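# Fold and geometry: a report
The chain contents come next:
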Amino acid sequence: MDRRSILIGAATMAGGSFLPALAQESARLYVGFSAGGATDTFARIFAPGLSAELHRAVVVENLTGASGAMAIRPVERAAPSSSTYMLYPTMTLLGQVLANQEPDLTKVTPITLLYEQYSVVAVNPQVAGFENVHNLKDLVALAKNKPGQINYAILGIGSTGHLTMEWFSDLAGIKMQPVAYKGGAPAVTDVLGGHVPLLVLDSTVVAPHIQAGKLRPIAVNYSERMPGFSEVPTMAEQGFKEVSALPWVVLAGPPNMPAADANAVAEAVRRAYAKPDLIEAMKQQNIVPKTSSPQQAAQLMRSDLAKWKKIIQEKGIKGA
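For the structure given in this document, a descriptive report is provided here. Once a new chain begins, its residue numbering starts again from 1 and follows that chain's sequence as written. Restriction of local features to residues with pLDDT of at least 70 applies here, the model being predicted, together with a cutoff of 80 or more for giving and counting side-chain atom pairs; totals for whole chains, interfaces and linings are based on all residues. The basis for every side-chain value is the complete set of heavy atoms in the structure, and neither hydrogens nor water enter the calculation.

Moving on to the overall build of the protein. Numbering of helices and strands runs from the N terminus; a helix is a DSSP stretch of H or I covering at least four residues, while a strand is a stretch of E covering at least two. On a plain count of helices and strands, the protein comes out with 10 helices and 12 strands. Rg of the C-alpha trace for the protein: 20 Å, near the compact-globule value of 20 Å for 320 residues, within the 12% margin. Dimensions of the protein along its principal axes, counting C-alpha atoms only, are 65 × 40 × 35 Å. When each of the 320 residues of the protein is scored for burial, the buried share is 54%. We call two residues in contact whenever any of their non-hydrogen atoms come within 4.5 Å of each other. A separation of at least 24 residues holds for 78% of the contacts in the protein among residues at least 6 apart in sequence. A 1.4 Å probe and the Shrake-Rupley method give the accessible areas. Residues count as covered only by the protein chains that appear here. Summing over all exposed atoms, the protein offers an accessible surface of approximately 13,800 Å²; the carbon and sulfur share of this is 52%. The sign given to each residue is positive for Lys and Arg and negative for Asp and Glu; His and the chain ends receive no count. A single reference atom marks each charge: NZ on Lys, CZ on Arg, CG on Asp, CD on Glu. Here the protein contributes 28 positively and 25 negatively charged side chains, and the mean placements of these two sets differ by 3 Å. Put simply, the radius of gyration uses C-alpha atoms, and a globule should come to 2.2 Å times the residue count raised to 0.38. When accessible area is computed with a 1.4 Å probe and restricted to protein chains, residues below 20% of their type maximum are described as buried, those above 50% as exposed, and intermediate ones as partly exposed.

Before going further, it helps to examine helix 1 (residues 38-54). What a helix should span is 1.5 Å times the count of its residues minus one. Under the 1.5 Å per step criterion, the end-to-end length of helix 1 is 24 Å for 17 residues, consistent within 8% with the ideal 24 Å. By the criterion of burial, helix 1 is predominantly enclosed, with 12 of the 17 residues buried.

Right, let's get into the packing of helix 6 (residues 184-192) against helix 7 (residues 203-211). Direction vectors running N to C along helix 6 and helix 7 enclose 30 degrees, while the axes themselves pass 10 Å from each other. Crossing angle aside, the handedness with which helix 6 passes helix 7 is right-handed. From helix 6, Gly184, Val188 and Leu192 reach across to helix 7, where they touch Val205, Val206 and His209. Axes, fitted as lines to C-alpha atoms, cover a helix only where it is in contact. Angles between the N-to-C directions of the axes lie from 0 to 180 degrees. Each crossing is labelled by how the near helix is turned from the far one, with a counterclockwise turn of less than a right angle marking it left-handed and a clockwise turn marking it right-handed.

Strands are treated as partners if at least two bridges between them are detected by DSSP. Spatially, five strands are ordered 8-7-9-6-10 in an open sheet, and the strand pairing comes out mixed. What marks the edges here is a single partner per strand, and that holds for strand 8 (177-180) and strand 10 (216-221). The average undirected angle you get between the axes of adjacent strands in this sheet is 25 degrees. Pairing of strand 7 (residues 151-154) with strand 9 (residues 198-202) involves two bridges; the strand directions are parallel.

Under the pairing criterion, centres of Phe, Tyr and Trp rings, with the six-membered ring standing for Trp, must be within 6.5 Å; the plane angle then separates stacked pairs below 30 degrees from edge-to-face pairs above 60, leaving the rest tilted. Per the counting criterion, the structure on display carries seven aromatic pairs. Considering the side-chain rings of Trp167 and Trp308, the 5.8 Å spacing of their centres and the 85 degrees angle between planes classify their relative orientation as edge-to-face. Of this pair, Trp167 sits in helix 5 (residues 160-172) while Trp308 is found in helix 10 (residues 294-315), placing the two residues 141 residues apart along the sequence. In this pair, the class of Trp167 matches that of Trp308, namely buried. When the ring of Phe168 is compared with that of Phe240, the centres are 4.8 Å apart and the planes differ by 70 degrees; the resulting orientation is edge-to-face. Here the residue Phe168 occupies a position in helix 5, and Phe240 occupies one in the loop between strand 10 and strand 11 (248-253), the gap between them amounting to 72 residues.

What follows concerns the side chain of Glu116. You can see Glu116 is positioned in strand 5 (residues 109-117). Salt bridges are identified by distance alone: a Lys or Arg side-chain nitrogen within 4 Å of an Asp or Glu carboxyl oxygen. Among buried charged residues, Glu116 stands out as having no salt bridge; its nearest opposite-charge side chain is Lys290, 4.3 Å away. Between N or O atoms, a polar contact is any pair within 3.5 Å; within protein, one atom must be a potential hydrogen donor and the other a potential acceptor, and residues adjacent in sequence are included only when both atoms are from side chains. For Glu116, the side chain forms a polar contact with the side chain of Tyr222, separated by 2.6 Å.

Let us now look at the pattern of salt bridges. Inspection of the entire model under this criterion finds 11 salt bridges. In this structure, the salt-bridge partner of Glu61 is Arg28, at a minimum N-O distance of 2.6 Å. Placement of Glu61 in strand 3 (residues 58-62) and of Arg28 in strand 2 (residues 27-31) is noted, with a sequence separation of 33 residues between them. By relative accessible area, Arg28 is classed as partly exposed at 31%.

Put into structure tokens, the structure is as follows:
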């Protein structure tokens, strides 16, 4: 278990409403992934803003393992009114399903959506057969001529990229083979080398190679076109609007958290997101800032769990 914590700021900044019921102790923000990873990086740029709005220090602590589910444990054991929170990403829901466990969403209280992520579907145009693949229609036509012969690079079996492509393939009536990697860098290396012709990865990983002309983007998996990829149509624009579930991260607190506390923390997040520096830092990570009510966050978790669980079960996908 990798355990690392950092004290973020003294919560003495003015502005925003004071939260007397919540301001008696330092807040703890648990991250279920190792220091330096994408989720941890977000936590450490987010914590100072949350600290300022809650008027107390925020401690970020890493508890790794089980696709992030280790971070649930201290939260589910915390008192309902304690200042104990976690980052709960889609990956943690999926990891539990892939491990044949039913995620128990009553173990936490969803507070607010924090951000959404988007991925890019891109091809290596130097690979034979992919010279003329410029969009999803071209990819579908090629895949129908080569059933089961086209491989695509993803970050792990059961990842959102993998499930998205399985969903897309079903809708398109094609069959392709996933090739799972433990990181974006080795996946991109194999695609650039022509060993795998196609990938679906986080935009941050692929953007430099697209800009260099080594990879060709053919679709963005998001609800709208994104900065830096404004010429690349979304999957919905290309006829696959059903592929609508996106990876996200929710801020969650202890089970049975009082509604007043959850709403107060959600409001603190909204005030933090009013600061341009924080939003710019998030954009640099190619993540899309979002907020919601506790009720909306809970509904998102329930509905997406149902969507992804259905695909995992229908496809018989098992975790590594």
